[in-house]
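Structural overview for review
What follows is each chain in one-letter form.
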Amino acid sequence: MKIYVLTINLIFLNLHKIILLCLLVICIKKSYSQDYRITGSVRDANTAKSIPNVEIKLRGTNLLTTTNAEGVFNLNGMLPEGKQQLVFSKIGYQILNLSITLEGNKLLDLLYIPMSVDLKELNKELDRISLTESELNSEDDQQDNIVSGLLGATNDVFSNAAAYDFSATFFRPRGLDSKYSKVLINGITLNKINTGRPQWGTWGGLNDVMRNREFSKATEPSAYSFGAPAGVLHFNMLASKYRRGGRISYAYANRTYTGRVMASYSSGLGSSGWAYTVLASRRFGNEGSIEGTSYDANSVFLSIEKKLSDKHSLNLVAFYTPNRRGRSTALTQELIDLKGYTYNPNWGLQNGNIRNSRLREIREPIFILSHNFKISDQTTVNTNFAYQSGLTKNSRIDYTGSTLITSDDNQESFVGGARNPAPNYYQNLPSYFLRFTNPTAANYQNAYLAQQAFENNGQLNWDQLYKANSSAENSRLNPIYAVQNDVNKDDIIHVSSLVASSLSENYKLTAGISGSFLKSQNYAELDDLLGGDQWLDIDNFAEDDASTGGNLAQTDLRNRNRLVKAGERYKYNFKITSTKASVFSQLEATYNHLDFYAAIQGGFANYQRNGLYENGYYPGNLSFGKSDKVTFNTYGLKGGLTYKFNGKHFALVNGSLQRLELPSNTVFTNSRQNNAILEDASAEQIISLDASYIYRSTVLKAKLSAYYINFSEGSDLSFFYTQSLQSSLIDKGNALVQEVTTNISKRNIGLEFGLEYKLLPTLTLKTAAAIAENTFRNNPNIYYTTTLANEQISFGNNQANLKNYHVSGGPEQAIQLGFDYRDPDFWWLGASINRFSNAYVDISHLRRSGAFATDYDGLPFNDYDLENAKTLLQQEKLDSYYLLNIVGGKSWLINGKSIGFFATINNVLNTRYKTGGFEDSRVGDYRSLKEESEREQPLFGNRYFLGYGATIYANLYLRF
């Protein structure tokens, strides 16, 4: 607790200085305009009820305010005389532009201002959230790396296409991984510290309360943080910001879950100063679009706010979204040919029920306390404190169960273990029996039998695992098989404070400070012994002999040959602590023809591992106790300007320079076994530049953007088993390795285009396109570590020849043509045809290292052919494909209540396609890869991520 308090004190040590500095700037500002006051009452045009929390902004200035619980507003400020325009906006209502004239009398009372409900926008919001929910809750590791559709949801034509049509096929806007984005709720950044990425499942199922959001692109100013290369998405969950009323909905889908029930209600800000919003939802399904992917998720949400006075308010947000879902995996072409695009090897039948061996479970409640201080109509201070606790579990089969055998002379040995029971294990497939240069008739017969067996079943045999454990027990041996959970259990404190001030009608200053402190426990948990009683906690793959005395096999030398029961920790056990803090300041200027801004940021992040097990391969402080502390100093600079030629033509130029810390799961290169730290760990540098031209009229909207993003000093960490670690230290190249790649440089360049043309008042045509090239720009440094060698292993010039290869991450090119029809009777229909191309599989770094051309003795292959090697190392480009999407719905307004139905069908033509993939580094040397290429079906071919077939989402709702 002392550490928590100390961290908070350090973070806020200079906060008062920042606030005083902002106030000092405000006090010395000058203005040559007149002091006017504009007031009025905003009401619903249909019911005449007051509308709270309507945002009113004077166009061309930074002056804005919101209506109170009675719908009344007061806008005060130094304003120029003459014609002006007020903009009234609130989600669920049509935007109202009201022309006014300021002259003479300094009080302008607008009295009654009606706003009309925008059913089109309500349906649009429902549609957008629902389309992206499957991304929020995806189970594929590939999807953890994409930028969610929600991150691009804006009024920009291209961004909307990228968010709601392109994202379904794992398209990454500007080729950016989601670790380069930021997601905030009420001013608190919620990216996971160990990966740097948002964990969407932590707030899944909260659709109704996630509508008050604001997205800022990479190089644009953000009202809540300095920004991030892929943009900042902020959710405002203050209770007073929700429109009064409720919603009940039921949804049917066939993609990840099959049903969703949701109910929510918001009180609005009452005369007593209280406001609250509540939500409860459940999502469920025995199987989604992919076989064996069960879905079980519940969500509850509460936001309660008390307006203490005209200047102070407190808000508490709490939500809990426990979910448990079955996972799928990437497939080789052989598996696709045998079982189809929906095949999933992770499940099998147990007692007639589907059981998935790879489940992901997330349980992380979050509490956010916010204090809002309105110093004046121009200046506010928002301070937030958050506590996040809970765990993430990922299950898998452990097939290394062993039994200790002690000889008469007290020599230890271990018996047990088994072959990988996964049905897609390479020795179960037809290709294994045809791996020979000249297959015999017997080989073909065995391949045929394997094919028949796999096609007729091809699923995990749970009964066989139970029988094997029962047989072992009858022989007085420990069980061989078990279900293991890899557990990440975090406790995080977040703090932030943000000062925003309109210095004048032209200038706005924003400054903020934030920090977080993490305590993370990481361990393996013995989940299910599959009928067994206890488990011997040793490494079955350890090559122990009399000289090592069984020590290498010990996962914890301080508890040798420990016997573990279900629910206990084993294999690995360590903690990660981290402290992060940053401060930023941003100045925005708004004029009639020119807007510009500049921002600066500074901060730090540090990590430390604390090993709780003393690993047999890494005795003493190599694995046990605290590691050295790793610290990254971070900073950022960015700025931009917008030139407004007139009300239709705009030009924008923006740029940024950032230094970003590495996530903790990259810093510690083998955290499950030792304290090893990435060599020459440095913050990654990212330079971003973009320029845009925008045209807006009543019938035509268009935007063309060009961008350049340069990454340098990046790092990457991979784990895999290989047969090609071509070193004299390794027997025949077989090793489980950690691959460490540093000093990575990449470049993303491209064009984005979006156009929307209103052919009729009810019919809009739209088109969007992205053309990009994302490539490696250097040959980074690379080395390998393994338990089989006491030193790092490097090859040749210690580099991987990656330059000019494409960075994998979904299609680089996407084109859309579509239309939206909005009938005055509140039914609507839209469709789009989308073409995707230039997607590449992720390349094996090992194959591009010096190991590729080297034999086990370290000498070059005597049969190495340069031209053939170029062919073998050519990066696979995936086929292009087309997707047709349709969306439509109908709404009715009855006595102030909205009843509606809408449905979306994605990939109407049920197109089968690959969205990405990766090369299998199990085979990484020239001779082995040449043998693979000569086979009719490779043993270790590329593995692919597959797109969904035709999917539907239908929603019926009542809003009151």
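Residues numbered from 1 in each chain as written. Predicted model: local features only at pLDDT ≥ 70, side-chain atom pairs only at ≥ 80, totals over all residues. Heavy atoms only, no water.

**Examining helix α9 (residues 462-474)**
- Under the 1.5 Å per step criterion, the end-to-end length of α9 is 19 Å for 13 residues, consistent within 8% with the ideal 18 Å.
- Taken residue by residue, α9 has W462, L465, N469 and A472 as its buried positions. One side of α9 holds all its buried residues, which, seen down the axis, span an arc of 90°. Away from its buried face, by an angle of more than 90 degrees, α9 presents the exposed residues Q464, K467 and N474.
- Looking at the buried side of α9, the elements it contacts are β19 (347-350), β20 (353-356), β23 (379-398) and β26 (482-502).
- For α9, the N-terminal capping position is held by N461, with its side-chain oxygen 3.3 Å away from the main-chain nitrogen of D463.
- One or two positions beyond α9, positive phi appears at R476, with a value near 60°. (Helix = DSSP H or I, 4+ residues; strand = E, 2+ residues; numbered from the N terminus. Expected span 1.5 Å × (residues − 1). Buried < 20%, exposed > 50% of the residue type's maximum accessible area, 1.4 Å probe, protein only. Arc of directions from axis to C-beta. Contact = heavy atoms within 4.5 Å. Polar contact = N/O pair within 3.5 Å; in protein donor to acceptor, adjacent residues only side chain to side chain.)

**Digging into the packing of aromatic side chains**
- Using the criterion set out here, one finds 32 aromatic pairs in the structure.
- Pairing F301 with F319 gives two aromatic rings, centres 6.3 Å apart and planes at 20°, and the pair type is stacked. With F301 in strand β15 (residues 295-307) and F319 in strand β16 (residues 312-320), this residue pair connects regions lying 18 residues apart in the sequence. For the pair F301 and F319, one class covers both residues: buried.
- Put simply, the rings of F158, F166, F171, F836, Y881 and Y913 pair up and form one aromatic cluster.
- Against the face of W462 rests R355, its NZ or CZ located 4.1 Å from the ring centre. (Phe/Tyr/Trp six-rings, centres within 6.5 Å; stacked < 30°, edge-to-face > 60°. Lys NZ or Arg CZ within 6 Å of the ring centre and 35° of its normal.)

**Looking at the sheet that holds strand β44 (residues 914-918)**
- In space, the 3 strands of this open sheet follow the order β18-β45-β44, with antiparallel pairing throughout. With partners counted over all chains shown, the strands left at the sheet margins are β18 (331-332) and β44, one partner each.
- The pairing of β44 with strand β45 (residues 943-946) spans 4 bridges and is classified as antiparallel. Residue pairing for β45: F918 is matched across the bridge by R943. (Pairing = 2+ DSSP bridges.)

**As for the pairing of strand β41 (residues 827-837)**
- Two elements, strand β40 (residues 813-822) and β41, share 10 bridges in a ladder whose sense is antiparallel. Across the sheet, residue L817 finds its bridge partner in β41, namely I833.
- The hairpin turn running from β40 into β41, its antiparallel successor, is 4 residues long, and F826 in that turn takes a positive phi close to 65°.
- Taken together, the 10 bridges between β41 and strand β42 (residues 881-894) define a ladder with antiparallel strand orientation. Looking at the pairing, R835 lines up with Y882 of β42.

**Comments concerning the pairing of β19**
- Where β19 and β20 come together, 4 bridges link them in antiparallel fashion. Each residue of the ladder has a partner; that of Q350, found in β20, is N353.

**Quick word on the domain arrangement of the protein chain**
- Domain parsing of the protein chain yields domain 1 (34-117) and domain 2 (125-396 + 485-959).
- Look at where the C-alpha atoms of domain 1 and domain 2 centre, and you get two points 40 Å apart.
- Across the domain 1/domain 2 interface, buried area totals approximately 1,600 Å², and carbon plus sulfur atoms make up 48% of it.
- Taken as a group, N53, N62 and I91 account for 35% of the area that domain 1 buries against domain 2, more than any other trio of residues on that side.
- One can count 0 salt bridges joining domain 1 with domain 2.
- The tally of links from domain 1 across to domain 2 stands at 3 residue pairs in polar contact (both at pLDDT 80 or more).
- If you tally residues by element for the side of domain 1 that touches domain 2, the top one is strand β4 (residues 72-79), at 3 residues. (Domains from an automatic or database assignment. Buried area = accessible area lost by both parts, 1.4 Å probe. Salt bridge = Lys/Arg side-chain N within 4 Å of Asp/Glu carboxyl O.)

**What about the side chain of S266?**
- Mapped onto the elements, S266 comes out in strand β13 (residues 259-266).
- Only 2.9 Å separates the side chain of S266 from the side chain of T277, close enough to count as a polar contact.
- If sequence neighbours within four positions are ignored, S266 has contacts with Y242, R243, R244, G245, Y276 and T277.

**Thoughts on the environment of G515**
- Note on placement: G515 falls in strand β27 (residues 507-528).
- Classification of G515 as buried rests on a relative accessible area of 9%.
- On a C-alpha basis, the gap between G515 and G830 in space is 44 Å, while along the polypeptide they are 315 residues apart.

**As for the pattern of salt bridges**
- By the definition in use, this model includes 32 salt bridges.
- A salt bridge links D533 to K565; the shortest N-O distance between them is 3.0 Å. Taken together, the residues span a long stretch of sequence, with D533 in the loop between β27 and β28 (535-536) and K565 in the loop between β29 (563-564) and β30 (569-590) at a distance of 32 residues.
- Judged by its relative accessible area of 48%, D533 falls in the partly exposed class.
- Taken together, the shared-partner salt bridges in this structure form one network comprising R174, D690 and E752.

**What about the side chain of N674?**
- In this fold, N674 is placed in the loop between α10 (664-667) and β35 (684-696).
- The class of N674 is buried, set by a relative accessible area of 5%.
- Those residues in contact with N674 that lie beyond four places of it in its chain are R609, Y618, L622 and S623.

**Some thoughts on the sheet that holds strand β2 (residues 55-58)**
- The strand order β3-β2-β5-β6 describes an open sheet built from 4 strands, whose pairing is antiparallel. A strand with exactly one partner marks an edge of an open sheet, and here the two such strands are β3 (64-66) and β6 (96-102). Adjacent strand axes in the sheet meet at a mean angle of 25°, parallel and antiparallel pairs treated alike.
- Relative to strand β5 (residues 82-89), β2 runs antiparallel, the two being bridged by 4 bridges. The partner of I56 across the bridge, within β5, is F88. (Axes fitted to C-alpha atoms, helices over the stretch in contact; angles between N-to-C directions.)

**Topic: a nonpolar patch on the surface**
- Taken together, the side chains of W274, Y276, V278, L302, I304, L308, L314, L316, F367, L369, F385 and Y387 make up a nonpolar region of the molecular surface, amounting to roughly 1,000 Å² of accessible area.
- Of all elements in the fold, only β14 (274-285), β15, β16, β22 (366-374) and β23 reach the threshold of two or more residues within the nonpolar patch.
- If one sorts the elements of the nonpolar patch by residue count, β14 sits on top with 3 residues.
- Inspection of the secondary structure assignment puts L308 in the loop between β15 and β16. (Patch = residues over 30% accessible without salt bridge, like charges linked within 9 Å, V, L, I, M, F, W, Y side chains within 5 Å. Areas by Shrake-Rupley, 256 points an atom, 1.4 Å probe, with all protein chains shown as cover.)

**Topic: the confidence of the model for the protein chain**
- Taken residue by residue, the protein chain gives an average pLDDT of 89. The fraction at 70 or more is 91%.
- This stretch, residues 1-32, has a pLDDT under 50; its non-local contacts, to residues over four places away or in other chains, come to 41 contacts.
- Taken as a whole, residues 122-153 scores under 50 in pLDDT and shows 115 contacts with residues more than four places along the chain or in a different chain. (pLDDT = per-residue confidence, 0-100.)

**Let's talk about the nonpolar core**
- Ranked by size, the top nonpolar core spans 32 residues in total, and within it L725, F776, Y784, I793 and F852 carry the most contacts.
- Residue assignment for this core shows that the elements contributing at least two residues are β37 (735-760), β39 (781-785), α11 (866-872) and α12 (926-934).
- At 3 residues, the largest contribution of residues to this core is made by β37.
- Residues contacting L725, with those up to four places away along its chain left out, are I730, G733, A735, V737, Y784, T786, I793 and F795.
- By size, the runner-up hydrophobic cluster in this structure holds 25 residues, among which are I492, I576, F668 and Y783. (Core = buried A, V, L, I, M, F, W, Y, C linked by side-chain atoms within 4.5 Å.)

**A word on the environment of I709**
- Among the structural elements, I709 can be located in strand β36 (residues 700-722).
- Spatially, the C-alpha atoms of I709 and P430 are 45 Å apart, while their sequence positions differ by 279 residues.
- Among residues more than four places away in sequence, those in contact with I709 are R174, L176, I686, I687, S688, K746, R747 and N748.

**Description of the environment of N774**
- Mapped onto the elements, N774 comes out in strand β38 (residues 763-776).
- Expressed as a C-alpha distance, the spacing of N774 and L763, which sit 11 residues apart in the sequence, is 36 Å.
- Setting aside residues no more than four positions away along its own chain, N774 makes contact with R174, G175, R747, N748, I749, Y805, H806, V807 and E812.

**Quick notes on unusual backbone geometry**
- The backbone of N53 sits at a positive phi, close to 60°, despite the residue not being glycine.
- The residue N53 is located in the loop between β1 (34-44) and β2 in this model.
- The backbone of L530 shows a phi angle near 50°, a positive value even though the residue is not glycine.
- When you line up the elements, L530 lands in the loop between β27 and β28.

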